[in-house]
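# Topology and contacts: notes
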Amino acid sequence: MDILDVLRNRRSQRHFNGRPLEQQQIDLLIEAFRWAPSSQNRQPWRLIFAVSPEARAGFDDALSDSNRKWATAAPVKMVMIGTPDEQPDRNGLNAWMLEVGIAIENMLIQGCAIGLTMHAMAGWDEQKLLKSFRIPPPFRVAALGVAGYPGKVEDLPEDVRAKDLAPRVRKAVGEIAFRDAFGTAL
Ligand SMILES: Cc1cc2nc3c(=O)[nH]c(=O)nc-3n(C[C@H](O)[C@H](O)[C@H](O)COP(=O)(O)O)c2cc1C
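The structure reproduced in this document is the subject of the present report. (Residues numbered from 1 in each chain as written. Predicted model: local features only at pLDDT ≥ 70, side-chain atom pairs only at ≥ 80, totals over all residues. Heavy atoms only, no water.)

### Here we look at the overall build of the chain
Of the regular secondary structure elements, the chain holds 8 helices and 4 strands. Mapped in sequence order, the helices and strands of the chain form the string α-α-β-α-α-β-α-β-α-β-α-α. Compactness check: the chain gives a C-alpha radius of gyration of 18 Å against a globular reference of 16 Å for 186 residues, within 12% of the reference. Dimensions of the chain along its principal axes, counting C-alpha atoms only, are 55 × 40 × 30 Å. In the chain, which comprises 186 residues, the proportion classed as buried is 38%. Partitioning the contacts of the chain with sequence separation of at least 6, the portion at a separation of at least 24 is 76%. Just so you have it, the chain exposes about 11000 Å², and 54% of that area is on carbon and sulfur atoms. Taking the 24 positively charged and 23 negatively charged side chains of the chain as two groups, their mean positions are separated by 1 Å. (Helix = DSSP H or I, 4+ residues; strand = E, 2+ residues; numbered from the N terminus. Rg over C-alpha atoms; globule rule 2.2 N^0.38 Å. Buried < 20%, exposed > 50% of the residue type's maximum accessible area, 1.4 Å probe, protein only. Contact = heavy atoms within 4.5 Å. Areas by Shrake-Rupley, 256 points an atom, 1.4 Å probe, with all protein chains shown as cover. Lys, Arg positive; Asp, Glu negative; His and termini not counted. Charge placed at Lys NZ, Arg CZ, Asp CG, Glu CD.)

### A short note on the packing of aromatic side chains
As enumerated under the stated definition, the model contains 2 aromatic pairs in all. Ring centres of Phe 33 and Trp 45 lie 6.1 Å apart, and the angle between their planes is 70°; on these two criteria the pair is classed as edge-to-face. Pair noted here: Phe 33 is in helix H2 (residues 23-34) and Trp 45 is in strand S1 (residues 45-49), with a separation of 12 residues, a long-range link. Residues Phe 33 and Trp 45 agree in their burial class; the two are buried. Centroid distance Phe 178 to Phe 182: 4.8 Å. Interplanar angle 55°. Geometry classified as tilted. Directly above the ring of Trp 70 sits Arg 14, whose terminal nitrogen or CZ lies 5.7 Å from the centroid. Positioned above the aromatic ring of Tyr 149 is the side chain of Arg 19, whose terminal nitrogen or guanidinium carbon lies 4.0 Å from the ring centre. (Phe/Tyr/Trp six-rings, centres within 6.5 Å; stacked < 30°, edge-to-face > 60°. Lys NZ or Arg CZ within 6 Å of the ring centre and 35° of its normal.)

### Observations regarding the site of the ligand
Surrounding the ligand, one finds 13 residues, the nearest of these being Ser 12, Asn 67, His 119, Ala 122 and Arg 168. Arg 170 places a polar side-chain atom, nitrogen or oxygen, 2.8 Å from an oxygen atom of the ligand. Broken down by secondary-structure element, the contributors of at least two residues to the shell around the ligand are helix H4 (65-71) and strand S3 (117-121). Top contributing element to the shell around the ligand by residue count: S3, with 3 residues. When its residues are assigned to classes, the shell around the ligand shows 4 nonpolar, 4 polar and 5 charged. (Near = heavy atom within 4 Å. Polar contact = N/O pair within 3.5 Å; in protein donor to acceptor, adjacent residues only side chain to side chain. Nonpolar A, V, L, I, M, F, W, Y, C, P; charged D, E, K, R; others polar.)

### Notes on the packing of H2 against helix H5 (residues 95-113)
The interhelical angle for the contact between H2 and H5, taken along N-to-C directions, is 140°, at an axis separation of 7 Å. On the basis of their axis angle, the class for H2 and H5 is oblique. In this structure, the crossing between H2 and H5 has a hand that is right-handed. Between H2 and H5, the contacting residues are Leu 28, Leu 29, Ala 32 and Phe 33 on the first element and Val 100, Ala 103, Ile 104, Asn 106, Met 107, Gln 110 and Gly 111 on the second. (Axes fitted to C-alpha atoms, helices over the stretch in contact; angles between N-to-C directions. Parallel < 35°, antiparallel > 145°, perpendicular 65-115°, else oblique. Left-handed = near helix turned anticlockwise from the far one by under 90°.)

### Structural notes on unusual backbone geometry
For the bond running from Pro 137 to Pro 138, omega is 5°, close enough to zero to count as cis. By the secondary structure assignment, Pro 138 is in the loop between helix H6 (126-132) and strand S4 (140-148). If you check the backbone angles, Gln 40 has positive phi at about 55° while not being a glycine. One non-glycine residue with positive phi stands out, namely Asn 91, at about 55°. As for its position among the elements, Asn 91 is in the loop between strand S2 (76-82) and H5. Its relative accessible area of 78% is what places Asn 91 among the exposed residues.

### Some points on the side chain of His 119
Relative to the helices and strands, His 119 is located in strand S3. Look at His 119 and you get buried, because its relative accessible area is 6%. A polar atom in the side chain of His 119 sits 3.2 Å from the backbone oxygen of Ser 12. Of the polar contacts made by the side chain of His 119, one reaches the backbone oxygen of Gln 13; its length is 2.8 Å. In this structure, His 119 is in contact with Ser 12, Gln 13, Arg 14, Trp 70, Leu 108, Leu 144, Gly 145 and Val 146, ignoring residues within four places of it in sequence.

This is the structure we're talking about:
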């Protein structure tokens, strides 16, 4: 027994082959995002696709320097946003952010299951995104996402290639799962 193949094998790759995604594939990504669970089914999420040359330039301009090295080549560029208006904070925590995150993971899993390069990003300038994409308050940007068909890892710049080829590692079960009280081994 193992976890689902797509969970085990999903990777945040950084390479694209330049081929645009068919609308059918994009629709599947949106469906996966849309069917995520949320508290009281409030669905505090939205997706903005950067399609026009101006919007794509705005997306690229908002990326951190390290993400700009590879993410600009993605055929599909998405701004993933959410609002506390539709999901109030609980215990001082942004519940909307958690739920946008769940929807993002749904999309990442769906995209990887159909053979796409999928990658979420936290490295960007929110003020630039709010302005370029005319995002009204109180919406906030949770993440950026890119998708496309995989390219060749060899074609990436050396530092990006090293990140892409880095072994996938996770904390040991004993570090994250406890019995009865925090820190007690299961
Ligand atoms: C919310 C989120 C933000 C991330 N931000 C970035 C980013 O800005 N740049 C980047 O190269 N990778 C980013 N990643 C990818 C992570 O580095 C990656 O998920 C992690 O190293 C584990 O690798 P894996 O997804 O291949 O299992 C992000 C992932 C998530 C879920």
